[in-house]
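Here are the chains, one letter per residue:
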Amino acid sequence: MNLTDYNEIRSLLARHGFRFSKSLGQNFLTAAWVPERIAEEAGLDETVGVLEVGPGIGCLTEQLSKRAGRVLSVELDPSLRPILAETLTGCENVEVLFGDVLKQDLPALVSECFPGLTPVVCANLPYNVTSPVLTALIESGCFARITVMIQREVAKRICARPNTSDYGAFTLFVQWHCETEILFDVPPSCFVPQPKVTSSVIRLTRREKPPVAVADEALLFKVIRAAFNQRRKTLVNALNAGLGLPKEVTEKVLISRGFDPKIRGEVLDLGGFAKITDEIHSLDHADL
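So, here's what we can say about the structure.

With that out of the way, let us pick up the pattern of salt bridges. Counted under the stated rule, the structure contains 10 salt bridges. The partner of glutamate 86 in a salt bridge is arginine 15, with the nearest N and O atoms 2.5 Å apart. Of this pair, glutamate 86 sits in helix H4 (residues 81-87) while arginine 15 is found in helix H1 (residues 6-15), placing the two residues 71 residues apart along the sequence. Each of Arg37, Glu41, Glu181 and Arg203 takes part in a single network of salt bridges with overlapping partners.

In structure tokens, the structure reads:
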């Protein structure tokens, strides 16, 4: 069965009485080159165990199965159970777990399913849960690489640089943990039903250590969140509102680290935020 052929997809879904769910963000691929290239870009071989989130009808799963040592696909929609049982027949190294990936103990799951294998993620992520799923995958610390298809707008946010409209707190969170790269775009015409936005495939490679040193990582991200919660304000005003730091204290912090007190947080890279965080940390504000 060609799992990207539109007519075969229609026949398969009709046979099982399947209806698309907007709330689950279901869009199935109709261009064979897309799952093939995603799987190729993931850098898989028999030494790798792949976690896939949202397999749909299994077109990417099938490609992962051909390349990886083992595949675990986590699917939220139980109505896809009989469809995947049919489409993944013969994929002996694939296991499908029905449930919410956000409710899984990812380190335990990886340890159980991928003993002796290098764990990676490869998936066509549902658009409506992209940020929380990526956050959970990154924070688990389990995966050497994460290769996923997401909305192009989110991909641009993840890979953004300072002083651009896409740059924000989520950018810095991902880039703290991973090297980021946009691999290629996928137009709406490659899906059924067609989404209203273009998709992008990105690769996140876990860093062995953070890109910059900082005395207090938790404080770093408090500073970052405060800066971007009110990104149009100067950093002095944003940290006053977000952390309760007196303006005169924040001004001294910035000046002592060589920054103009009128700057906004959106112009700073991770190194700049780390310098400011270390200076705030040295003030020993235990209530921050």
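Strand order in the open sheet formed by 7 strands is S4-S3-S2-S5-S6-S9-S7, with mixed pairing between adjacent strands. Each of the sheet's edge strands pairs with one partner strand only, and the pair in question is strand S4 (94-98) and strand S7 (178-186). When the angles between neighbouring strand axes are averaged without regard to direction, this sheet yields 20°. Of the pairings in the sheet, the one linking strand S2 (residues 48-53) to strand S5 (residues 118-124) comprises 4 bridges and is parallel in character.

On to the layout of surface pockets. Empty space within the largest pocket amounts to approximately 490 Å³. For the largest pocket, the lining is made up of 34 residues, of which Leu24, Gly54, Glu75, Asn124 and Pro126 are closest to its centre. Each residue belonging to the lining of the largest pocket can be placed in one class, and the counts come to 20 nonpolar, 10 polar and 4 charged. There is about 280 Å³ of room inside the second largest pocket. Lining of the second largest pocket is provided by 14 residues; of these, Lys22, Gly25, Gln26, Asn27 and Pro195 occupy positions nearest its centre. Its residues assigned to classes, the lining of the second largest pocket comprises 5 nonpolar, 7 polar and 2 charged.

Grouped burial of nonpolar side chains is what soluble globular proteins tend to show. Membership of the largest hydrophobic core comes to 58 residues, with the highest contact counts inside it found for Leu51, Ile146, Val148, Ile158, Leu204 and Phe273. In terms of residue count, helix H9 (residues 217-229) provides more of this core than any other element does, 8 residues in total. Ranked by size, the runner-up nonpolar core spans 38 residues in total, among them Ala42, Cys59, Cys122 and Val201.

Take helix H11 (residues 247-256) next. Residues of H11 that are buried include every one of Thr250, Val253 and Leu254, and no others. Summarising the axial view, the buried residues of H11 lie within an arc of 95°, below the 170-degree limit, and thus occupy one face. Pointing more than 90 degrees away from the buried face of H11 are the exposed residues Lys252 and Ile255. Looking at the buried side of H11, the elements it contacts are helix H10 (235-243) and helix H12 (270-282).

With that settled, the discussion passes to the environment of threonine 234. Assignment of secondary structure puts threonine 234 in the loop between H9 and H10. With 104 residues separating them along the chain, threonine 234 and threonine 130 place their C-alpha atoms 30 Å apart. Residues in contact with threonine 234, not counting those within four places in the same chain, are Pro261, Lys262, Ile263 and Arg264.

Quick look at the side chain of serine 73 now. Structurally, the position occupied by serine 73 is in strand S3 (residues 70-75). Non-local contacts of serine 73, meaning those with residues more than four positions away in its chain, are made with Glu52, Pro55, Thr61, Val94, Glu95, Val96 and Leu97.

On inspection of all chains with the given rule, the structure shows 9 aromatic pairs. Summarising the aromatic geometry, the rings of phenylalanine 18 and phenylalanine 20 are spaced 5.5 Å apart at their centres and angled 80° between planes, so their arrangement reads as edge-to-face. Exposure remark for phenylalanine 18: the relative accessible area of 9% places this residue in the buried category. Measuring from centroid to centroid gives 5.9 Å for tryptophan 33 and phenylalanine 184, while their planes differ by 50°, and the two rings are tilted. Highlighted residues: tryptophan 33 in helix H2 (residues 33-41) and phenylalanine 184 in strand S7, separated in sequence by 151 residues. Judged by relative accessible area, which is 38%, tryptophan 33 ranks as partly exposed.

Turning next to the packing of H9 against H12. When two helices pack together, their arrangement is given by the angle between the helix axes and the distance between those axes. At a closest axis distance of 9 Å, the pairing of H9 and H12 adopts a crossing angle of 115°. In terms of axis orientation, H9 runs roughly perpendicular to H12. As for the relative orientation of H9 and H12, their crossing is right-handed in sense. The segment H9 lies against H12, with Leu219, Leu220, Val223, Ile224, Ala227 and Phe228 engaging Leu270, Phe273, Ala274, Thr277, Ile280 and His281. Broken down by class, the residue content of the contact of H9 with H12 amounts to 10 nonpolar, 2 polar and no charged.

Criteria and thresholds
- Residues numbered from 1 in each chain as written.
- Predicted model: local features only at pLDDT ≥ 70, side-chain atom pairs only at ≥ 80, totals over all residues.
- Heavy atoms only, no water.
- Salt bridge = Lys/Arg side-chain N within 4 Å of Asp/Glu carboxyl O.
- Helix = DSSP H or I, 4+ residues; strand = E, 2+ residues; numbered from the N terminus.
- Pairing = 2+ DSSP bridges.
- Axes fitted to C-alpha atoms, helices over the stretch in contact; angles between N-to-C directions.
- 1 Å grid on protein atoms, 1.4 Å probe; cavity = no way out; pocket = protein on both sides within 12 Å on 5 of 7 lines; lining within 4 Å.
- Points joined across faces, edges and corners; volume = space filled by probe spheres on them.
- Nonpolar A, V, L, I, M, F, W, Y, C, P; charged D, E, K, R; others polar.
- Core = buried A, V, L, I, M, F, W, Y, C linked by side-chain atoms within 4.5 Å.
- Buried < 20%, exposed > 50% of the residue type's maximum accessible area, 1.4 Å probe, protein only.
- Arc of directions from axis to C-beta.
- Contact = heavy atoms within 4.5 Å.
- Phe/Tyr/Trp six-rings, centres within 6.5 Å; stacked < 30°, edge-to-face > 60°.
- Parallel < 35°, antiparallel > 145°, perpendicular 65-115°, else oblique.
- Left-handed = near helix turned anticlockwise from the far one by under 90°.

Purely spatial values, then, with no claim about function.
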